[in-house]
Amino acid sequence: MSLPDAFLSCRPTSSPAMPDVTVTRRLQFNAAHRVHNPALSDEENERLFGRCNNPNWHGHNYTLDVSVRGPIEARTGYVFDLGALKKIVTERVLDRVDHRNFNLDVDFMHGVIPTSENIIVAIWRELAPAVAPARLARLVLWETPNNYVEYTGE
Ligand code: NI
């Protein structure tokens with residue numbers, strides 16, 4: 001049985017059957033934080049977070065991988081111009097966090113414990129609207145060469 005013409009005409013005309021590909025831009029920044037829950041006692045914070053609860057802060061060299069997914073555009077062969085993606089991430093995120101303190105300086109982290117888990121969700125909220133109509137597919141945030149978190153918007 002063939003598909004009705006009405007269904008076929010709903011397909012996007014700009015990229016009929018172009019493959020979806022995920023493209024990634026890696027960026028780096030450094031920032032300070034203190035993992036601390038002000039609702040808990042100092043003793044409980046120390047027990048839960050150990051050295052990461054140091055009152056005088058500590059820093060990390062973060063690596064952020066930003067992945068955008070969509071169809072290859074026939075005219076350019078690109079899914080998303082990676083130079084344009086770098087500019088968006090720099091303006092929306094890096095300029096606000098690089099050489100800053102997540103607890104004190106970063107407006108989109110106010111009231112949130114600055115773990116990598118919470119940071120990556122906050123970064124997602126800043127970036128997802130900015131790459132539309134392309135789709136933010138995945139973020140990976142490396143806090144150290146051994147520890148990373150990833151988020152796909154779910
Ligand atoms: Ni830390």
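Figured I'd write up the structure that's included with this text. Model, not experiment: these values are computed from the prediction.

### Quick word on the nonpolar core
Burial of nonpolar side chains together is a common tendency in soluble globular proteins. Counting 20 residues, the largest nonpolar core has V68 and I119 as its most contacted members. When residues of this core are traced back to their parent elements, those giving at least two are β2 (58–71), α3 (82–97), α4 (116–131) and β4 (135–142). With near-sequence residues (within four places) excluded, I119 lies in contact with F102, M109, P114 and L141.

### Description of the pairing of β2
Across 14 bridges, the pairing between strand β1 (residues 20–33) and β2 is antiparallel. Residue pairing for β2: R26 is matched across the bridge by D65. Here β2 pairs with β4 via 7 bridges, running antiparallel. Within β4, the position partnered with V66 by the bridge is L139.

### Here's the deal with the environment of M109
As for its placement among the helices and strands, M109 is situated in the loop between β3 (100–101) and α4. Apart from residues lying up to four places away in sequence, M109 is in contact with F102, P114, I119 and A122.

### Here we look at unusual backbone geometry
The linkage connecting A132 with the following residue, P133, adopts the cis geometry, with an omega of 10°. The topology assignment puts P133 in the loop between α4 and β4. Unusually for a residue other than glycine, W57 sits at a positive phi of about 70°. Structurally, the position occupied by W57 is in the loop between α2 (42–49) and β2. We classify W57 as partly exposed; it has 13 C-beta atoms within 10 Å. Located in the positive-phi region is H99, a residue other than glycine, with phi close to 60°. Here H99 is to be found in the loop between α3 and β3.

What counts and how
Residues numbered from 1 in each chain as written. Predicted model: local features only at pLDDT ≥ 70, side-chain atom pairs only at ≥ 80, totals over all residues. Core = buried A, V, L, I, M, F, W, Y, C linked by C-beta atoms within 7 Å. Buried ≥ 20, exposed ≤ 12 C-beta atoms within 10 Å, placed from the backbone. Helix = DSSP H or I, 4+ residues; strand = E, 2+ residues; numbered from the N terminus. Contact = placed C-beta atoms within 7 Å. Pairing = 2+ DSSP bridges.

So, to be careful, I would describe these as geometric facts and stop short of saying anything about function.
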